[in-house]
Amino acid sequence: MDRRKTAISVVLMVAGAAAAPGLAAGLAWMTNAIVAHDPGQAALAGIVVAVLAVMVLTFGHFAHLAYFELSELAELDFDEQLIALSNGSVGIEHHERAEHADALTVLQQESRQFRVGLEALLNSIGLGLAVALTGVLLAMVNPWLLLLPLAAIPPLLTGRAAERVRDSARTATAESTRVALNLFHLSTSARLAGELRVFGLAGELRGRHTRLWADATRGLWRAHLAATWIRAAGQVIFALAYVGAVLLVVRDAIAGRRSVGEVVLVIALAAQVNQQVTTAVTLLQDLQRMSSAYRRLAGIRDVVAVAAHGDESPPDRLRDGIRLDDVGFTYPGTDAKVLSDVNLHIPAGATAAIVGENGAGKTTLVKLLCGFYRPTRGQVLIDGVDMRRIPIDAWRERIAAGFQDFVRYEFLAGETVGVGDLPRLDDEPEIRAALDRAQGSDVLEHLDDGLQTQLGKSFADGVELSGGQWQKLALGRALMRSSPLLLVLDEPTSALDPQAEHALFERYAEQARRVGEATGAITLFVSHRFSTVRMADLIIVVQDGRVVEVGDHSTLAASGGLYSELFALQAKAYS
Ligand SMILES: Nc1ncnc2c1ncn2[C@@H]1O[C@H](COP(=O)(O)OP(=O)(O)OP(=O)(O)O)[C@@H](O)[C@H]1O
């Protein structure tokens with residue numbers, strides 16, 4: 001930040017604000033000189049008035065130019081804090097809470113408020129000086145006139161009350177706004193355009209979007225209306241005081257106790273007090289909005305800042321493996337038990353597959369192992385140590401993961417893979433090796449600049465990939481870390497055809513077993529394809545949130561249980 005620019009802006013603003021009461025005094029001087037038929041004094045006063053008028057009219061704008069950069073930085077800083085807080089938590093539980101989502105929505109909308117609030121803070125310095133000068137000049141004419149600024153208190157109070165009304169309306173309408181924004185995103189995303197056309201959903205989504213905005217707007221409009229009445233009541237009180245002040249001086253002037261210049265001075269100053277009050281109310285609102293935005297930010301920070309406590313380090317290598325001891329789980333804000341009575345041992349070095357029907361709880365199990373959520377019952381033991389005792393950041397450094405709903409990072413192709421292990425972001429040989437392990441090297445053949453190709457439609461020359469190609473890069477990213485204790489693959493190959501998935505896992509499982517023998521690393525994958533699942537050392541069958549069968553393919557296939565049923569169904573479908 002440029003300190004010189006900030007200093008210049010403060011000086012310009014203070015000078016511009018102080019010039020306003022000076023202008024009133026200059027007008028009084030000029031009027032008296034004219035009444036006294038003194039052309040020299042009148043001309044001099046005229047020049048002073050003109051200069052002050054120019055200062056009043058222009059300095060504020062120049063000051064704004066200078067502190068523009070400062071406001072930009074404030075807004076940027078706010079956005080960065082919001083991004084950091086959105087991703088800075090240990091788990092992701094708070095993302096499920098409606099009040100957290102509401103606070104985030106309001107904050108996203110209020111981002112500009114930090115710029116405005118900062119400008120308000122700077123402007124209040126100038127305003128404070130102008131109010132002080134105005135007070136001194138008024139007191140010089142008649143100390144009773146000092147009561148005039150007191151009449152400014154009711155509008156200030158009503159202004160605050162009005163802003164509170166508007167703020168609670170913003171919170172109350174946050175959900176509608178959030179859902180409407182989501183619909184807007186759905187309706188304008190290029191990726192989803194095809195599906196919307198096929199189902200002819202554009203009109204339906206637009207209709208829902210319009211209804212939600214209308215709901216939100218109605219709520220906000222009612223609050224604005226109430227706020228306007230509240231504010232007007234305060235302004236009326238001030239207007240009465242203004243009329244009283246002018247009458248007081250006019251009466252004195254008629255009685256010959258005041259000069260015409262003093263009448264002009266009081267009229268001009270009283271008008272300025274009115275304006276100062278209006279400005280103060282606006283500034284106060286801006287400051288109030290900024291402070292409530294900061295309060296919300298602090299609230300989010302509290303929710304997010306669940307300390308990454310724990311006094312145990314993750315083991316260098318797994319010896320026993322991972323155990324789930326009587327684990328149960330319910331998503332925050334819901335009542336339904338998604339996992340119950342899960343008792344499971346995944347031995348060190350194993351390649352394990354989780355199978356089960358849609359909604360059985362497979363991904364939830366994976367999320368608990370990644371530490372996104374804590375079990376609501378029981379414990380997850382890593383080599384006998386309760387996972388709660390291992391700082392989650394340290395645990396995450398030792399896991400790697402590929403998810404079905406992976407992220408399409410619009411980076412250079414190499415970086416898209418390299419972010420899987422940030423210290424090796426640009427390590428081309430490692431990136432190529434990871435892609436090779438993911439059997440994704442063929443993606444590079446379609447890219448003119450290989451790993452240096454810019455991906456993504458946000459860039460004019462960015463290359464768009466197919467779903468399967470994006471997924472291969474995501475899988476490469478999951479395989480970037482060289483020595484994770486746990487590699488989780490939650491349907492990361494769903495966009496590949498079954499043969500390709502089978503080939504990939506066959507090769508991968510072999511490597512995983514070799515690495516697993518050396519480091520005890522566990523590979524855990526979720527797949528609906530039994531041709532892949534059958535390769536696992538251990539198959540975990542989940543049904544309605546419970547682990548109902550555990551074993552290898554041949555044992556489970558022969559047992560006549562759920563696994564053999566599902567396996568037979570799929571085998572029949574393919575034959
Ligand atoms: N964030 C969430 N909040 C509340 N409930 C959830 C959440 N995510 C999943 N659920 C519920 O938990 C249950 C298990 O979901 P989960 O995603 O673990 O199933 P899954 O076995 O991985 O299914 P699929 O094969 O369809 O991916 C489902 O009933 C689902 O509705």
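Residues numbered from 1 in each chain as written. Predicted model: local features only at pLDDT ≥ 70, side-chain atom pairs only at ≥ 80, totals over all residues. Heavy atoms only, no water.

As recorded by an unreviewed UniProt entry, the protein chain carries the name ABC transporter permease and is attributed to Acrocarpospora macrocephala. Database annotation for the protein chain, UniProt heading Subcellular location (unreviewed entry): "Cell membrane". (UniProt positions renumbered as here; feature names shortened; annotations may be inferred.)

All right, on to the overall build of the protein chain then. The secondary structure content of the protein chain amounts to 19 helices and 10 strands. The dimensions of the protein chain, computed from C-alpha atoms along their principal axes, are 115 × 55 × 50 Å. Taken over 575 residues, the protein chain has a buried fraction of 46%. Here the contacts in the protein chain between residues at least 6 apart in sequence split such that 74% fall between residues at least 24 apart. Here the protein chain displays about 28,500 Å² of accessible surface, and carbon together with sulfur accounts for 60% of that area. (Helix = DSSP H or I, 4+ residues; strand = E, 2+ residues; numbered from the N terminus. Buried < 20%, exposed > 50% of the residue type's maximum accessible area, 1.4 Å probe, protein only. Contact = heavy atoms within 4.5 Å. Areas by Shrake-Rupley, 256 points an atom, 1.4 Å probe, with all protein chains shown as cover.)

As a further point, take the packing of aromatic side chains. Inspection of every chain in the model, using the stated rule, returns 8 aromatic pairs. Three or more aromatic residues joined by ring pairs form one cluster here, namely F329, Y331 and Y373. (Phe/Tyr/Trp six-rings, centres within 6.5 Å; stacked < 30°, edge-to-face > 60°.)

Let us look at the nonpolar core. Generally speaking, soluble globular proteins have nonpolar side chains that are buried together. Within the largest apolar cluster, 39 residues are counted, with the highest numbers of intra-cluster contacts made by L324, I346, W395, L486, L524 and I540. Setting aside anything within four residues of it in sequence, one finds I540 in contact with L344, I346, A352, A353, I354, V355, L524, V547 and E549. Counting residues in hydrophobic clusters, the runner-up holds 25 residues, among them L479, L496, F530 and I539. (Core = buried A, V, L, I, M, F, W, Y, C linked by side-chain atoms within 4.5 Å.)

Around the ligand, the structure places 13 residues, and the nearest of them are G359, G361, K362, T363 and T364. Side-chain polar atom of T364 to an oxygen atom of the ligand: 2.5 Å apart, as the coordinates give it. Protein burial of the ligand: of its 630 Å² of free accessible surface, 66% is covered by the chains. With 3 residues, helix α10 (residues 362-370) is the single largest residue contributor to the shell around the ligand. (Near = heavy atom within 4 Å. Polar contact = N/O pair within 3.5 Å; in protein donor to acceptor, adjacent residues only side chain to side chain.)

So, on to the sheet that holds strand β4 (residues 377-382). The pairing of strands in a sheet happens through backbone hydrogen bonds and is either parallel or antiparallel. Strand order in the open sheet made by the 4 strands is β2-β1-β4-β5, with antiparallel pairing throughout. Pairing within the sheet leaves two strands with one partner each, and these edge strands are β2 (337-347) and β5 (385-386). Sheet contacts for α10: β1 (321-330), β2 and β4; angle to β1, the most-contacted strand, approximately 120 degrees. (Pairing = 2+ DSSP bridges. Axes fitted to C-alpha atoms, helices over the stretch in contact; angles between N-to-C directions.)

As a further point, take the packing of helix α5 (residues 153-172) against helix α9 (residues 260-304). At their nearest, the axes of α5 and α9 sit 9 Å apart, and the two run at 35 degrees to each other. Seen along the crossing, α5 lies across α9 with a hand that is right-handed. Taking contact as the criterion, the partners of P155, L156, G159, R160, E163, R164, R166, D167, R170 and T171 in α5 are, on α9, V277, A280, V281, L284, Q285, Q288, R289, S292 and R296. Tallied by class, residues from the contact of α5 with α9 come to 6 nonpolar, 5 polar and 8 charged. (Left-handed = near helix turned anticlockwise from the far one by under 90°. Nonpolar A, V, L, I, M, F, W, Y, C, P; charged D, E, K, R; others polar.)

It is worth spelling out a nonpolar patch on the surface at this point. There is a patch of nonpolar side chains on the surface, built from W144, L147, L150, I153 and L157 and spanning about 550 Å² of accessible area. Sorting the residues of the nonpolar patch by element identifies α4 (147-150) and α5 as the ones contributing at least two each. Tracing the sequence through the fold places W144 in the loop between α3 (98-141) and α4. (Patch = residues over 30% accessible without salt bridge, like charges linked within 9 Å, V, L, I, M, F, W, Y side chains within 5 Å. Salt bridge = Lys/Arg side-chain N within 4 Å of Asp/Glu carboxyl O.)

So, about the pattern of salt bridges. Under the definition given, this model contains 19 salt bridges. Between R208 and E204 there is a salt bridge, and its shortest N-O distance comes to 2.7 Å. Placement of both R208 and E204 in helix α8 (residues 202-254) is noted, with a separation of 4 residues, approximately one turn of the helix. According to the relative accessible area criterion, R208 is partly exposed, its value standing at 42%.

To continue, consider helix α1 (residues 3-35). An ideal rise of 1.5 Å per residue puts 48 Å on 33 residues; α1 measures up with 48 Å between its terminal C-alpha atoms. Bending of α1 peaks at approximately 30 degrees at the position of A20, with proline P21 no more than four residues after it. In the segment just after α1, H37 is the residue with positive phi, at about 55 degrees. (Expected span 1.5 Å × (residues − 1). Bend = angle between axes of the 7 residues up to and from the residue.)

Here the focus is the environment of L339. Position of L339 among the secondary structure elements: in strand β2. The exposure class of L339 is buried, given its relative accessible area of 1%. In contact with L339, not counting residues within four places along its chain, are V327, G328, F329, G361, T364, L365, L368 and G545.

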